[in-house]
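Residue-level structural notes
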Amino acid sequence: MSAESPGQKSGLKSFFSNALRPKKSRQTLRKGSRSTTDLRLAARPSVEESPPMPDLAPLQIHRMKYKAAHENLDTQLGERRDYTDMIHSLGCLDADDNFGPAEIEDPNREPGEGDIAKLSSSLWAAIAWYLNPAEAASLAVSSITLYRRLGRRYLAALEAPENFGYKMQFLIRMDRSLPHHLMCFPCGRYHTRTQEGSERLRPAHVLNPLFNCPEATNSLNPQSRTRITHGRMLPFSFVQLVMRAHRFGRGYGIPVDEMGRRWNRDNWTHSSRFHINEGRLLMRVTSQTFAAPGLPPTAQRMLLFSRDDYWPYFSACAHWRDGELMPMCKCALGHIPEPRNTGGLQGIEHKVKDRWAGRGFDPNSLTTLCGFCRPMRRCPECPSEYLIEVKLCEDKSDPRGGVFRQAIVVTRWTDLGDGTTPDCLEWGAINGKHNDYDSFHHYSKRGIASIFEAAFTADTLPGQRVISMNPKKTKLGEQGDDWY
Ligand SMILES: [Zn+2]
Ligand SMILES: [Zn+2]
Ligand SMILES: [Zn+2]
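Presented here is a report on the structure given in the accompanying data block. If you're wondering where the values come from, they're calculated on a predicted model, not measured in any experiment.

Our next topic: the environment of Ile144. Residue placement: Ile144 occurs in helix H9 (residues 144-150). Between the C-alpha atom of Ile144 and that of Glu113, which follows or precedes it by 31 residues, the distance is 8.9 Å.

Attention shifts here to the coordination of the zinc ion (ligand 3). Coordination of the zinc ion (ligand 3) by the protein comes from Cys317 (SG), His319 (ND1), Cys379 (SG) and Cys382 (SG), over a distance range of 2.1 to 2.3 Å. Metal-centred angles of 103 to 114 degrees between the four donor atoms at the zinc ion (ligand 3) mark the site as tetrahedral. Mapped onto the polypeptide sequence, the residues donating to the zinc ion (ligand 3) form the spacing pattern C-x1-H-x59-C-x2-C. With His319 in the loop between helix H13 (297-304) and helix H14 (325-334) and Cys382 in the loop between strand E8 (376-378) and strand E9 (384-394), this pair connects stretches of sequence that are 63 residues apart. Just as His319 is buried, Cys382 falls in that class too.

So, about the state of the cysteines. Enumeration according to the criterion identifies zero disulfides in this entry. For Cys329, which is in no disulfide, the shortest distance to another cysteine sulfur is to Cys373 and amounts to 9.3 Å. With relative accessibility at 0%, the residue Cys329 sits in the buried group.

Okay, the packing of aromatic side chains next. In this description, an aromatic ring pair is defined by two values, namely the gap between the centres and the angle between the planes. Scanning the model with the defined rule gives nine aromatic pairs in all. Ring plane angle 85 degrees and centroid distance 5.4 Å describe the contact between Trp129 and Tyr130, whose orientation is recorded as edge-to-face. Residue Trp129 is classed as exposed on the basis of its relative accessible area of 69%. Plain terms: the ring middles of Phe185 and Phe236 are 5.7 Å apart, the flat faces sit at 75 degrees to each other, and that makes the pair edge-to-face. With Phe185 in the loop between strand E1 (181-184) and strand E2 (189-192) and Phe236 in helix H12 (residues 236-248), this pair connects stretches of sequence that are 51 residues apart. For the pair Phe185 and Phe236, a shared accessibility class is recorded, and that class is buried.

Moving on: unusual backbone geometry. Despite not being glycine, Asp266 shows a phi value in the positive range, around 50 degrees. Positionally, Asp266 belongs in the loop between strand E5 (261-265) and strand E6 (268-277). Non-glycine residue Glu278 carries a positive phi angle of around 50 degrees. Residue placement: Glu278 occurs in the loop between E6 and strand E7 (280-290).

Quick notes on the rules
Residues numbered from 1 in each chain as written. Chains lettered and ligands numbered in written order. Predicted model: local features only at pLDDT ≥ 70, side-chain atom pairs only at ≥ 80, totals over all residues. Heavy atoms only, no water. Helix = DSSP H or I, 4+ residues; strand = E, 2+ residues; numbered from the N terminus. Donors = N, O, S within 2.8 Å, 3.2 Å for Na, K, Ca; no water. Tetrahedral: all angles 85-135°; square planar, octahedral: opposite > 155°, others 65-115°. Buried < 20%, exposed > 50% of the residue type's maximum accessible area, 1.4 Å probe, protein only. Disulfide = S-S within 2.5 Å. Phe/Tyr/Trp six-rings, centres within 6.5 Å; stacked < 30°, edge-to-face > 60°.

Set out below in structure tokens:
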């Protein structure tokens, strides 16, 4: 190394400049093109003249500006996420909302034990007198000071048979602290989850207990469940597990995206999908089967009804017999184009007519439904919406392959409620246990189907007319004669 080499100078700066200095071999290679290198250096403005470098790249600045301008807009739905609106809606929530903001822990909150202790036992008892048994028991166990002031009697009161409903309300508030247990409503106690983490929905004939329950074989006190389709039930415990996982974390139950299933039974293909909206579980069940054109009424019944229980094969709420659901299915089946007799004189006549009208008969043509069977229907008594379609679908069972046939597709969207208790409004309504539910009031602004589909597709569906499934509100049930 020569004496003029910068490597000779001491200090950190010289160390780096030495390290970054091109090797001697590189210098020799560059010798021929030295002039160009110099020109480039000359063309470059000196450090003092160059404009100051921005902290962020232009694209990044643009993104941040865009984000700031559209912060309150949902990227998928274009809906405003207006905080003022949100705060107003908080004020409108029910006072007995179990998982309300009161449970949010504030680390800066000063301990109130001293204030609690200042009031006498009799005063606390007077306060508890205003509360229902479940709230009084919750107050009594909320802190050790309060327990000393109020005593055991509020907990003991929950054991009274007439307070069974309050006992449920009290126990279900402990959900967060019991990840390995599940509330059993027929017993009114928590059981240990025996399939923790591997709970799966199974067909109705498969025994699938999620816990060991002494009431499991008592047919007079069954677990609450709802029918999904023929041979498939949804026990309430699964709604509990999904909603617990959503509220408290994966360990508490089943993630909502793992609930969907696809299955075949009795020549019908079914698929289910779940989604949580505003703290309630929504379910979509699509059922389809191939349908031949021109079916007589008996064959239509054979296609639509199960001979086991005379319920439709597809998903239906407890009120399916009243109103127009079944007449709609039959109407839709009547629209499937019938192949024409192409032989003989009649055939020639048809051909001439078709040629004259500029059309030919196509068995694969799209089926258009009429004003009666095409619109989406909503059950007025429960949160269920139905859509009937006739579609061309590939028949995978046909060995020729690529064979398309007309199929009737019935889709039901429903709201299964918040999963806290089987007495909750929506769960009770779909099972026919609540008579005071008005779906056109609860879903007045936006339909269940519209909310559901918007969650899975970037483009929202064009507005569909939703009309009542039972416009005359007839309630004949099995006695009615329209359904069969
Ligand atoms: Zn039990
Ligand atoms: Zn029709
Ligand atoms: Zn209904």
